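The lines below spell out each chain.
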Amino acid sequence: MKKRFQVILLAVFLTLSLFSCGKAPEREKRPPSSPLGEDGVVTVLLDAGHGFRDVGCTSEYLDGLFEYQLTMDFVTRLSVKLRSRGYNVILTHDGERYITEEDLCKRADELGIEYLADRIKAENDVFDAYERAVYANVLDAESEIDLMLSIHVNANANSDTVTGFEIDYCAENSSSEMTKFAFNAICDSLERDFEGRRLKAFEDSWDMSFIVTKYTMMPSILFETGFASTPSDAELLLDGEWRDSLMTSVADGIEKYFSYE
């Protein structure tokens, strides 16, 4: 009888252990403080990746389109959705023009924002990642940015089968503690709405982080929407309804983040 009881206990223990090991850990949901700044207004900064002389990636599957055209479309759709929910939205550029290097340095100097002057290039029709990061900090000082999202299209030079989303934030800068919760909220929304689609979520070290996520003072996230180099992803990227549903999912994640108190 004693032996039988021990066998039953062992079976229960193994069952519980297997259940525990198989259950994916939940992401932390609630930030340590309110996502809203002191002004009480939600202000989101959206950055359409690339543009101007830097056209970004393309492929034979994109029907002649380039990354900068798709990212501008994504940002335009997302800005409309966020504004309809009552958020203040600012863009780093409108696809036609961006802040001049002279004006960028002047405004940064006036606001006391530190930056590396030798990384701000002379007029060259390229609004590079470091200049965007400095500009984000200028806008933050002027308008109190609560979240920045930089949107991109991915590509893989060695494969035409890689698919899915990739999303990154810097886990080693001054805003990383809050960024983590915005990041988690968007990831949760994407996983819910695009079940089965690959999502690689990167909590990057300083050295591995993208420039627009590590040099910005506010919570900042970079989102790669799909792979232009893969036929199935390129087909999705060319589908206006799919792009719209994707931005609805991102907007839902952002709204969830700002609903924390």
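Rules and cut-offs
- Residues numbered from 1 in each chain as written.
- Predicted model: local features only at pLDDT ≥ 70, side-chain atom pairs only at ≥ 80, totals over all residues.
- Heavy atoms only, no water.
- Helix = DSSP H or I, 4+ residues; strand = E, 2+ residues; numbered from the N terminus.
- Buried < 20%, exposed > 50% of the residue type's maximum accessible area, 1.4 Å probe, protein only.
- Areas by Shrake-Rupley, 256 points an atom, 1.4 Å probe, with all protein chains shown as cover.
- Salt bridge = Lys/Arg side-chain N within 4 Å of Asp/Glu carboxyl O.
- Polar contact = N/O pair within 3.5 Å; in protein donor to acceptor, adjacent residues only side chain to side chain.
- Contact = heavy atoms within 4.5 Å.
- Pairing = 2+ DSSP bridges.
- Axes fitted to C-alpha atoms, helices over the stretch in contact; angles between N-to-C directions.
- Parallel < 35°, antiparallel > 145°, perpendicular 65-115°, else oblique.
- Left-handed = near helix turned anticlockwise from the far one by under 90°.
- Nonpolar A, V, L, I, M, F, W, Y, C, P; charged D, E, K, R; others polar.
- Expected span 1.5 Å × (residues − 1).

Peer 1: For this particular structure, what's the right way to read the overall build of the protein chain?
Peer 2: Within the protein chain one finds eight helices and six strands. Start at the N end of the protein chain and walk to the C end: the helices and strands fall as α-β-α-β-α-α-β-β-α-β-α-β-α-α. The proportion of buried residues among the 261 residues of the protein chain is 46%. On the protein chain, roughly 13500 Å² of surface is accessible, and the fraction owed to carbon and sulfur atoms is 53%.

Peer 1: What am I meant to see in the pattern of salt bridges here?
Peer 2: Close approach of charged atoms allows side chains of opposite charge to pair. Per the counting criterion, the structure on display carries 16 salt bridges. The partner of Arg107 in a salt bridge is Asp103, with the nearest N and O atoms 3.6 Å apart. Separated by four residues within a single helix, Arg107 and Asp103 lie in helix H3 (residues 101-111), roughly one turn from each other. When salt bridges with common partners are traced through the structure, they connect Asp73, Arg77, Lys81, Arg243 and Asp244 into a single cluster.

Peer 1: Sorry if this is basic, but what is going on with the side chain of Arg197 here?
Peer 2: Mapped onto the elements of the fold, Arg197 is located in the loop between helix H5 (176-193) and strand S5 (199-204). A polar side-chain atom of Arg197 sits 2.9 Å from a polar atom in the side chain of Asp233. The residues touching Arg197, leaving out its near neighbours within four places in the chain, are Gly164, Phe165, Thr225, Gly226, Asp233, Leu236 and Trp242.

Peer 1: How should the sheet that holds strand S2 (residues 88-91) be read in this particular structure?
Peer 2: The strands that make up a sheet are held in pairs by hydrogen bonds between backbone atoms, and each pair lies either parallel or antiparallel. Ordered in space as S2-S1-S3-S6-S4-S5, the six strands form an open sheet in which the pairing is mixed. Two strands close off the open sheet at either side, each with one partner strand: S2 and S5. Taking the axes of each pair of neighbouring strands and ignoring which way they run, one obtains an average angle of 20° across the sheet. Both strand S3 (residues 147-154) and strand S6 (residues 220-227) contribute to a ladder of six bridges, which runs parallel.

Peer 1: Is there a simple way to think about the packing of helix H2 (residues 67-84) against helix H8 (residues 240-258) in this case?
Peer 2: Helices that pack against each other are described as a pair by the angle of their axes relative to one another and the distance between those axes. Between H2 and H8, the shortest axis-to-axis distance is 9 Å and the interhelical angle comes to 50°. On the basis of the axis angle, H2 is oblique to H8. The interaxial crossing formed by H2 with H8 has right-handed handedness. For the pair H2 and H8, the contacting residues are Leu70, Asp73, Phe74, Arg77, Leu78, Lys81 and Leu82 in the first and Gly240, Trp242, Arg243, Asp244, Leu246, Met247, Thr248, Val250, Ala251 and Ile254 in the second. Its residues assigned to classes, the contact of H2 with H8 shows ten nonpolar, two polar and five charged.

Peer 1: Help me out: how do you make sense of H5 in this one?
Peer 2: Spacing of three or four residues puts side chains on the same side of an α-helix, whose turn is 3.6 residues. Over its 18 residues, H5 runs 25 Å from end to end, which matches the ideal 26 Å to within 8%, given 1.5 Å per residue. Looking at the buried residues of H5, the elements they touch are S3, strand S4 (165-170), S5, S6 and H8.

Peer 1: Would you explain unusual backbone geometry in this entry?
Peer 2: Where the residue is not glycine, phi is negative for most of them; where a peptide bond is considered, it is trans in most cases. Here His50, not a glycine, exhibits a phi torsion of approximately 70°, which is positive. Its location among the elements puts His50 in the loop between strand S1 (43-48) and H2. The backbone of Asp63 shows a phi angle near 55°, a positive value even though the residue is not glycine.

Peer 1: Explain the environment of Ala171 here, please?
Peer 2: Looking at the element boundaries, Ala171 is found in the loop between S4 and H5. Residues Ala171 and Thr213 lie 42 residues apart in sequence; the distance between their C-alpha atoms is 9.3 Å.

Peer 1: Explain the pairing of S3 here, please?
Peer 2: Two faces make up the sheet, and in a regular strand the side chains alternate between them. S3 sits mainly inside the fold: eight of its eight residues count as buried. Examined bridge by bridge, S1 and S3 share five bridges and lie parallel to one another. Looking across to S3, one finds that Asp47 is bridged to Ser150.

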